[in-house]
Amino acid sequence: MKNLIILLFVTVFYLKVFPQIKDLGMENIKSGDLLWTVKILSSGEYDGRLSGSEGYNKAANFAAERFKQLGLLPEGDDGFFQYLNVEYNKIDTPAVFNLINGNKKFPYILGKDFVLRGFTGAANITLPVVFCGYGISRPDLGYDDYEKINVENKIVLVFKQSPSWKINDEEWGNEYPRQKSRVAYEHGARGILFVSLPNADKPQPLIGSVMHGEGEQLDSFPQLQISPEVANDFLGLVKISINECQKRIDDREAPNSFLTRRTAEIFVNAKYKNSVRTMNVVSKIEGTDPVLKKEFLVIGAHLDHVGSQAGLLFPGANDNASGSAAVLELAKAFQLSSVKPKRTVLFVLFASEEQGLFGSKYFVENLKSNPDKIIGMFNFDCIGYGDSIQIGNGESSPKLREIARKIDKEKSNLMVADTWNGGGADATPFHKIGIPCLYFVSKYSYDHLHQPTDTPETLNLELLEKIVKLGYLTAREVAEGNYKREVVIK
Ligand SMILES: [Zn+2]
């Protein structure tokens, strides 16, 4: 805080004496400062920043305090905060998962062998395990993993994803864990083990996730993701691998459910709340031009992550402490620069992206200005890991992307050519109402995604700094009025 005041003071003094020094903002974007923020947000104190948790609230307070220190104006409903309500599930100890074979117990390790789904129910059960294929019950399509098997008072083991094939080109309609859990529950099962498709090109590792789908919470129905190795342990007595299980179903496009002859012990402690208050953090720097100040550039990132489970922390350093740090650093850079933006710039940290973009959706649904006045939106999400820069959504907003491309060419030459359309993550709600968006991300960013290993030590700090600098110079161009809002290509 003190340093910041000194820095601002020195800046003002310098500009009086040496007005030719143009952009102290740019010069003060520093990897060390970005890392400082990332380390704070991804530390245990912030508990993985799950929206609705105390850890998230702390992160929101930290961000609001930074905006205030930097002299930005509050633009929430109540100071810097814009409130919304979300579902919330607190997972405490114990988190026990064992294989029982006769009177022997084989304990598994949380984070290594299994994780809990963010919206797991609580239970203490020891029950036989049934393999139930894709966990789909669609007799209307002539496909039912539950048809020939009794799962009553048992735990089902199912594939997390839906099949790559379809019947009559119909959607399966239960892509989400909550829906698959509901199907199992309605068939009398008492818990569910998800295993990621073992024959996929790149099988999904164990991930912390609160992306659960819609529907009622099953309070006493435990939901775990287990590794393929653990799934094989459960199939040991029937002597078939989980890979073979998938192959048999996929080859015939027909169910192949059976009793594994193994028992699982599950003890999970979770407390669910249907509606808990959380918040976006919103601030602004008002434009200096009397006309252009009524137009806005939104610079955003999601502040939330997937929390912790019974002491297992998901730090979310890349996802998305990196993007949150960028937004704060950009706010600082704009404040330190001698050139004040002509357009108004909004700096927003979104809640609850991980649950389903709820913070950004809420923000877009409750805009204070006419949506036409939002000239552009920059989203920073996972910008600190990998080796190059990708600017997404360029197919939908090619002119905006071209500004970034030119700057990159000149300054760092790290931008890859491929991009996409349709927004992406928190850019999506903006894109949907016709706002041109750029999605800043580091290429090959996802090796540690939603894993306990997403820590500050893994970040490429040089790259992180360069992306933020690219974001800054691109934002300046837009904020100066040098970009006319283009028609978004859907
Ligand atoms: Zn993210």
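Since this is a predicted model, take the numbers as computed values, not measurements. (Residues numbered from 1 in each chain as written. Predicted model: local features only at pLDDT ≥ 70, side-chain atom pairs only at ≥ 80, totals over all residues. Heavy atoms only, no water.)

A. Representation of the nonpolar core within the structure. By size, the foremost hydrophobic cluster in this structure holds 66 residues, and its most contacted members are F67, V281, I299 and F347. The residues touching F67, leaving out its near neighbours within four places in the chain, are L72, F80, V281, S283, V327, L328, A331, F347 and L349. (Core = buried A, V, L, I, M, F, W, Y, C linked by side-chain atoms within 4.5 Å. Buried < 20%, exposed > 50% of the residue type's maximum accessible area, 1.4 Å probe, protein only. Contact = heavy atoms within 4.5 Å.)

B. Local environment of the state of the cysteines. Tallied over the entire structure, the rule returns zero disulfides. Between C382, a cysteine without a disulfide, and C437, which holds the nearest cysteine sulfur, the sulfur-to-sulfur distance is 17 Å. (Disulfide = S-S within 2.5 Å.)

C. Examining the pattern of salt bridges more closely. Taken as a whole and assessed by the stated rule, the structure comprises 20 salt bridges. A salt bridge links K112 to D113; the nearest nitrogen and oxygen atoms lie 3.3 Å apart. We note a salt bridge from E465 to K469, for which the minimum N-O separation is 2.9 Å. In this pair, E465 and K469 are both assigned in helix 13 (residues 461-479), four residues apart and thus about one turn of the helix distant. The network of salt bridges with shared partners includes D33, E329 and K332. (Salt bridge = Lys/Arg side-chain N within 4 Å of Asp/Glu carboxyl O. Helix = DSSP H or I, 4+ residues; strand = E, 2+ residues; numbered from the N terminus.)

D. Up close: the pairing of strand 9 (residues 191-195). Of all five residues in strand 9, five are buried; the element is thus mostly enclosed. Residues of strand 9 alternate between two faces, with G191, L193 and V195 on one and I192 and F194 on the opposite face, all of them buried. For strand 8 (residues 155-159) and strand 9, the ladder comprises five bridges, and the chain directions are parallel. If you follow V158 over to strand 9, its bridge partner there is F194. Between the parallel elements strand 8 and strand 9, the chain passes through helix 5 (residues 177-186) in a crossover that is right-handed. Pairing of strand 9 with strand 10 (residues 223-226), which is carried by four bridges, proceeds in the parallel orientation. Following the sheet pairing, I192 is matched in strand 10 by Q223. (Pairing = 2+ DSSP bridges. Right-handed = clockwise from strand over helix to strand, strands pointing away.)

E. Here's a closer look at unusual backbone geometry. With omega at -5 degrees, the peptide bond leading from T93 into P94 counts as cis. Mapped onto the secondary structure, P94 falls in strand 2 (residues 81-101). Look at the link from D319 to N320: it is a cis peptide, with omega at 0 degrees. Assignment of secondary structure puts N320 in helix 8 (residues 317-336). Phi at A310 is positive, roughly 45 degrees, even though this residue is not glycine. Position of A310 relative to the elements: it lies in the loop between strand 13 (308-309) and strand 14 (312-313). In this structure, A425 is a non-glycine residue whose phi angle is positive, near 45 degrees.

F. How the structure looks around helix 7 (residues 242-252). Among all positions of helix 7, only I242, C245, Q246, I249 and D250 are buried. Take helix 7 and look down its axis: the buried residues cluster within an arc of 120 degrees, on one side only. Facing away from the buried side of helix 7 by more than 90 degrees, the exposed set consists of D251 and R252. The secondary structure elements touched by the buried residues of helix 7 are strand 5 (123-131), strand 7 (143-144), strand 8, strand 9, helix 6 (228-234) and strand 11 (258-285). Looking one or two residues beyond helix 7, the residue adopting positive phi is E253, at roughly 50 degrees. (Arc of directions from axis to C-beta.)

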